[in-house]
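A look at the structure
What follows is each chain in one-letter form.
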Amino acid sequence: MSERQEFLLDGEEVPFIPGQTVLQAALSAGRYIPHLCYHPEFKPHGSCKVCTVKSGGRTHASCTLPARAGLEVDSATEEMNQLRRTLVQMLFAEGNHFCPSCEKSGNCALQALGYDLGLTHAGFRHFFPDRPVDASHPSLLLDFNRCILCELCVRASAEVDGKNIFSLSGRGIGKHLIVNAASGRLADTGIAATDKSVAVCPVGVILKKRVGFAVPIGKRRYDERPISAQALEDAPRPPAATAIQETQ
Ligand code: SF4
Ligand code: FES
């Protein structure tokens, strides 16, 4: 067995496998660090910054910070949580997140994270983007005004589905999701409702038609457990990490 290595997260030892990031090691060890654009099946993206931690007097995105023996990391502090609240508020203000009428309500990572962080309001003036909804596809609907630019659909479509259906285009606040078809319409792509790119969207952009509001309130993904518990349940437990924990 490889030599045991660990770093300190909020003063407690977290074992890691060389090559893991701080976020990956923490989640595998059952320690939650809030995050949005990270997904255990994809390479870290580093765009949402919600996973920010403090180490060596500086802030770092823990999803891209390599775990190192002896590293001292602070995450569950009021300073970091306040920063995360501001970032999530910015995302809420930037898009049209009218949760009471959104089919993803209760199953949405942005909303669940807002609840977990105790957010009560967006805190910024709303941008009210006005991008047309794409309802051209027989089984899927796109509401671009809820996109948080995590690029999970882009990555899933390219790397898992092998279809390259989505891209991000534009710069700065004009950056937005596009459909890779000459017409720009989803109906003119080879997307299927069973594609990984459809399943992976953490918010209410890529929606299946005719199944909205099917799950009763109380039974939705984040009704039953908060996003912190859900993320730990979804985290991979590499056999080596389990072995390290068992030797403790
Ligand atoms: S559509 Fe969904 S998965 Fe794709 S970039 Fe936007 S929020 Fe992320
Ligand atoms: S989860 Fe690390 S930047 Fe989004």
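Up top you'll find the structure we're talking about.
Residues numbered from 1 in each chain as written. Chains lettered and ligands numbered in written order. Predicted model: local features only at pLDDT ≥ 70, side-chain atom pairs only at ≥ 80, totals over all residues. Heavy atoms only, no water.

For Lys49, which is not glycine, the phi torsion reads 65° and is therefore positive. As for its placement among the helices and strands, Lys49 is situated in the loop between α1 (22-28) and β3 (52-55). Unlike most non-glycine residues, Phe128 shows phi in positive territory, near 45°. Its location among the elements puts Phe128 in the loop between α3 (109-116) and β6 (140-142). (Helix = DSSP H or I, 4+ residues; strand = E, 2+ residues; numbered from the N terminus.)

This part covers the packing of aromatic side chains. Any pair of aromatic rings gets described here by the distance separating the centres and the angle formed by the planes. What the rule picks out here adds up to one aromatic pair. When the centroid spacing of 6.0 Å and the interplanar angle of 45° are considered together, the rings of Phe7 and Phe16 count as tilted. (Phe/Tyr/Trp six-rings, centres within 6.5 Å; stacked < 30°, edge-to-face > 60°.)

A few words now on the side chain of Arg155. As for its position among the elements, Arg155 is in helix α4 (residues 152-159). The buried charged residue Arg155 lacks any salt bridge partner; its closest oppositely charged side chain belongs to Glu151, at an N-O distance of 5.7 Å. At a separation of 2.6 Å, a polar atom in the side chain of Arg155 contacts the main-chain carbonyl oxygen of Lys43. A distance of 3.0 Å separates the side chain of Arg155 from the backbone oxygen of Cys150, its partner in a polar contact. Other than its neighbours up to four places away in sequence, Arg155 contacts Cys37, Phe42, Lys43, Pro44, His45, Cys150 and Val160. (Buried < 20%, exposed > 50% of the residue type's maximum accessible area, 1.4 Å probe, protein only. Lys, Arg positive; Asp, Glu negative; His and termini not counted. Salt bridge = Lys/Arg side-chain N within 4 Å of Asp/Glu carboxyl O. Polar contact = N/O pair within 3.5 Å; in protein donor to acceptor, adjacent residues only side chain to side chain. Contact = heavy atoms within 4.5 Å.)

When the charged atoms of two side chains lie near each other, side chains of opposite charge can form a pair. Inspection of the entire model under this criterion finds eleven salt bridges. A salt bridge links Glu79 to Lys54, with the nearest nitrogen and oxygen atoms 2.9 Å apart. You can see Glu79 sitting in helix α2 (residues 78-94) and its partner Lys54 sitting in strand β3, a full 25 residues away along the chain. A salt bridge links Arg146 to Asp143, with the shortest nitrogen-to-oxygen separation between them at 3.6 Å. Each member of the pair, Arg146 together with Asp143, is buried.

Around ligand 1 sit Cys147, Ile148, Leu149, Cys150, Glu151, Cys153, Leu177, Cys201, Pro202, Val203 and Val205, and that is every residue in its neighbourhood. Counted by class, the shell around ligand 1 contains ten nonpolar, no polar and one charged residues. (Near = heavy atom within 4 Å. Nonpolar A, V, L, I, M, F, W, Y, C, P; charged D, E, K, R; others polar.)

This brings us to the pairing of strand β8 (residues 176-179). Every second residue of β8 is oriented toward a common face, the buried set being Leu177 and Val179 and the non-buried set His176 and Ile178. Counted between consecutive antiparallel strands, the loop separating strand β7 (residues 166-169) from β8 contains six residues, among which Gly170 sits at a positive phi close to 90°. (Pairing = 2+ DSSP bridges.)

Moving on to the sheet that holds strand β5 (residues 72-73). Here three strands make up an open sheet; going across it, the order is β2-β1-β5 and the pairing mixed. At either end of the open sheet lies a strand with only one pairing partner, and these are β2 (12-15) and β5. In this structure, strand β1 (residues 6-9) lies alongside β5, joined through two bridges in parallel fashion. Note that in β5 the partner of Leu9 across the bridge is Val73.

Note that every value here comes from positions in space, so none of it alone points to a role or purpose.
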